[in-house]
Amino acid sequence: MMNALLSLCIVALSVALAQGQSPPQGTPPIPHQYPSQHMPSVFPAFPPRDYYHGMMCMGELIDPTSQMCCHGTPMNLNGPPMFAQCCNGEVIDNRTEKCCMGHERAMSDQQCCGPEAYDLFSSEQCCGGRYLYEMAFDMCCQGYLAPLQDHICCENGPVKFTGPANRAACCGCGAMNMDTEMCCGDRPVSIASETEACCGGTTIYDPSTSVCCPSNGVMKVLEEPSCPAAAGLDVRPMGRFKQTRGQ
């Protein structure tokens, strides 16, 4: 209703100006957002579309139905405004293109990985949102890439390992061979047999001949069949530390 009244007022004003007459009493003033440098000598009966629905781009009035402001520069759209996207100073149609960190990529690639794009169903995958890698040759561990054949993934990232991959295990900040080493106190320690165990995180011992017992607040290996009883403390023999196997 208001738009219809405003249009009638504009028509009356245009006719009055064209005939050199004063505007009828009560005619609303011309809206202030119309650029003064573009003001016509005779106001048109039906003003341009951007007169009412325009938007500013660095001081310049643009029509959002056919343009967009891209990094401060008016740019023409290649399709419907709802699908327009500014990508590194260029306007793209996000139905057919994708913007990956300012780089235009084909929409056949479904996801961005850093500046590149990849197909979710391909052999390539994204690591840490930054690196593309082939799953057959590399591993992604804690957001870092490493060769699959000689690394294992541990808590702090990939760790290089020189033995058989299926016998590798994490130990502290490094890796160990479960056939020849044991993790004792977050350190790989060489063992003579799989029956050996770790005592107090410091010492490797053979549970068949020794025991790991508390002594003055620390654990020590004693060449005894069992730990000596202590007042108020139920001390029992400690068997071999159970080793967790990897793959």
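The preceding data block contains the structure.
Residues numbered from 1 in each chain as written. Predicted model: local features only at pLDDT ≥ 70, side-chain atom pairs only at ≥ 80, totals over all residues. Heavy atoms only, no water.

(A) Highlighting the overall build of the chain. Each helix and strand in the chain was counted, giving two helices and 24 strands. Looking at the chain as a whole, 26% of its 247 residues are labelled buried. Long-range contacts, defined as pairs at least 24 residues apart, comprise 10% of the intrachain contacts of the chain with a sequence gap of at least 6. Carbon together with sulfur atoms contributes 54% to the accessible area of the chain, which is approximately 15,800 Å² in total. (Helix = DSSP H or I, 4+ residues; strand = E, 2+ residues; numbered from the N terminus. Buried < 20%, exposed > 50% of the residue type's maximum accessible area, 1.4 Å probe, protein only. Contact = heavy atoms within 4.5 Å. Areas by Shrake-Rupley, 256 points an atom, 1.4 Å probe, with all protein chains shown as cover.)

(B) The arrangement of the state of the cysteines in detail. All told, the structure shown has twelve disulfides when counted by the stated rule. Each sulfur of the disulfide joining cysteine 87 and cysteine 99 lies 2.2 Å from the other. Since a negative S-S torsion denotes a left-handed disulfide, the cysteine 87-cysteine 99 link at about 80° is right-handed. Taken together, the residues cysteine 87 in strand 5 (residues 84–87) and cysteine 99 in strand 7 (residues 97–100) connect sequence positions twelve residues apart. Residue pairing for cysteine 154: its cysteine sulfur links by disulfide to cysteine 170, the two sulfurs lying 1.9 Å apart. What sets the handedness of the cysteine 154 and cysteine 170 disulfide is the S-S torsion sign, and at about -95° it is left-handed. Remark: cysteine 170 occurs in strand 17 (residues 168–171) and cysteine 154 occurs in strand 15 (residues 151–154); sequence separation between them is 16 residues. The exposure class assigned to cysteine 154 is buried, which follows from its relative accessible area of 6%. For cysteine 170, a relative accessible area of 36% corresponds to the partly exposed category. (Disulfide = S-S within 2.5 Å.)

(C) Here's a closer look at the nonpolar core. Core analysis: the biggest nonpolar cluster contains six residues, these being Ile152, Cys154, Val159, Phe161, Ala168 and Ala175. Setting aside its immediate chain neighbours within four residues, phenylalanine 161 contacts Asp150, His151, Arg167, Ala168, Ala175, Met176 and Asn177. (Core = buried A, V, L, I, M, F, W, Y, C linked by side-chain atoms within 4.5 Å.)

(D) Quick look at unusual backbone geometry. We note that methionine 58 has phi near 55°; this positive angle belongs to a residue other than glycine. In this structure, methionine 58 sits in the loop between strand 1 (55–57) and strand 2 (60–62). The exposed category is assigned to methionine 58, whose relative accessible area is 71%. Located in the positive-phi region is glutamine 142, a residue other than glycine, with phi close to 55°. Its location among the elements puts glutamine 142 in the loop between strand 13 (138–141) and strand 14 (144–147).

(E) Structural detail: the side chain of aspartate 63. Tracing the backbone shows aspartate 63 in the loop between strand 2 and strand 3 (67–70). Within the structure, aspartate 63 has its side chain in polar contact with the side chain of threonine 65 (distance 2.7 Å). (Polar contact = N/O pair within 3.5 Å; in protein donor to acceptor, adjacent residues only side chain to side chain.)

(F) Quick look at the side chain of aspartate 150. Among the secondary structure elements, aspartate 150 is positioned in the loop between strand 14 and strand 15. Of the side chains bearing the opposite charge, lysine 160 lies closest to the buried aspartate 150, which forms no salt bridge; the N-O distance is 4.2 Å. Of note is the side chain of aspartate 150, whose polar atom sits 2.7 Å from the side chain of histidine 151. Setting aside its immediate chain neighbours within four residues, aspartate 150 contacts Val159, Lys160 and Phe161. (Lys, Arg positive; Asp, Glu negative; His and termini not counted. Salt bridge = Lys/Arg side-chain N within 4 Å of Asp/Glu carboxyl O.)

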